[in-house]
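Examination of the molecular architecture
Here is how the chains run, residue by residue.
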Amino acid sequence: GLKGPKRTNMQITEIIEQARREGRTRFAFELLPPLKGDGTAGVFSAIDPLMEFGPAYINVTYHREDVKYVERGNGLLEKRIVRRRPGTVGISAAIMKRYGVEAVPHLICGGLSRYDIEDALIDLDFLGVNNVLALRGDNLRGEHSFAPHPQGHAHACDLVAQIADMNAGIFVDGEVQPCHHSRFCIGVAGYPEKHAESPNPESDMLYLKRKVDAGASYIVTQMSFDNARIFDFIRRCREAGITVPVIPGIKPLSTKAHLTVLPQVFHVDLPQELVAEASGCPDNAAVREVGVRWAVRQVRELREAGIPVVHFYTMGKTDNVVKIIREAL
Ligand code: FAD
């Protein structure tokens, strides 16, 4: 059952530090905001079953506008811009209010000016949301490469700098003295298997370091199905002089289509042992079980290595995540 809301006022780095001190592994869950037109019920029903594990925090993704082509009947296509999943800021505050758990809204550069970003940050600050994950975002559908907003940022490090500036009282228009200072704790993305656009892992690491130097206090990794790659990434971060916590991202494989979609979309490899097991399954229900068993092994090993927080990419479906954590603990 849900008890009255707890107080939320912790920075993610404090939560990580606390888990480390207590010598335990906690879990963070990434969810999507509702589709436009949906209410909050779907998101809440995905979170409800996770509450037994005392989530460390809950991430909420940010979705930029999408491009949709509509047939005009005369052989022409009309290009329409649609936003399918708005509401990241609002649903983050709603989650905190309902569950008393810290929410971490994602914020991206794509499609947003510095002013739009500042507005979102001011709203978050007023709502008591003090944690954000700062990302660049991907290119629009049909665009060959990432095109920044004319008044926006081309790289996540510049978004991190804007947030850090705001914490220091420096707004887009300049300094405000004296003023209320936000206290955002900023996370960023890291890629154990290299970001798709990076020419090599070393270059990717240099830019990751730049994000940390700009003010990021922790790193969440892109999904990896191979712990050896996660451990190697953490080692390379330390060698590069990055000392902040690294939170591994885990995605439970759940359909046969994932075998080709995940490499295509997220540029990660799937270990052959996992591929063989999933390919041999009669249906997706069986693949889902294979995905659970694989993730259980990953989580156990990360736990034994003393990882304080593991991040689950849930895509809004949490039944398999519940199974994984129950079995792994
Ligand atoms: P950057 O850190 O800007 O890196 C992008 C590329 O540019 C890399 O190849 C990097 O090496 C290079 N680079 C970085 N800085 C510089 C520089 N100064 N000069 C030259 N090159 C540079 N996307 C969404 O749209 N919404 C989300 O909610 C979302 N959540 C995510 C959560 C996590 C944990 C992760 C790992 C990814 C998420 N993404 C999300 C996807 C992310 O937006 C894409 O992976 C995007 O392509 C890169 O984002 P980034 O923040 O890592 O970018």
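To be clear, the structure that these remarks concern was listed above.
So, here is what we can say about the structure in this document. (Residues numbered from 1 in each chain as written. Predicted model: local features only at pLDDT ≥ 70, side-chain atom pairs only at ≥ 80, totals over all residues. Heavy atoms only, no water.)

Looking now at the site of the ligand. The environment of the ligand is formed by 24 residues, the closest being Y62, D138, Y191, H195 and K211. In this structure, Y62 approaches the ligand through a main-chain N or O atom, which is 2.7 Å from a nitrogen atom. In the environment of the ligand, an oxygen atom lies 2.9 Å from a nitrogen or oxygen atom belonging to the backbone of A156. Relative to its unbound accessible area of 970 Å², the ligand is 87% covered by the protein chains. Counting only elements with at least two residues in the shell around the ligand, the list comes to strand 5 (103–108), strand 6 (131–135), helix 5 (156–167), helix 6 (201–213) and strand 10 (218–223). Counting residues per element, the shell around the ligand draws most heavily on helix 6, at 4 residues. Of the residues in the shell around the ligand, the class split is 11 nonpolar, 7 polar and 6 charged. (Near = heavy atom within 4 Å. Polar contact = N/O pair within 3.5 Å; in protein donor to acceptor, adjacent residues only side chain to side chain. Areas by Shrake-Rupley, 256 points an atom, 1.4 Å probe, with all protein chains shown as cover. Helix = DSSP H or I, 4+ residues; strand = E, 2+ residues; numbered from the N terminus. Nonpolar A, V, L, I, M, F, W, Y, C, P; charged D, E, K, R; others polar.)

Let's shift gears to the sheet that holds strand 2 (residues 57–60). Taken together, 8 strands build a closed barrel; the order of strands is 1-2-5-6-9-10-11-12 and the barrel is parallel. Strand-to-strand twist across the sheet, computed as the mean angle between neighbouring axes with direction ignored, equals 30°. Here strand 11 (residues 246–250) runs beside strand 12 (residues 309–313); their pairing, made up of 2 bridges, is parallel. The partner of G249 across the bridge, within strand 12, is H311. Along the sheet, helix 10 (residues 284–304) makes contact with strand 1 (26–31), strand 11 and strand 12, crossing strand 11 at roughly 165°. (Pairing = 2+ DSSP bridges. Axes fitted to C-alpha atoms, helices over the stretch in contact; angles between N-to-C directions. Contact = heavy atoms within 4.5 Å.)

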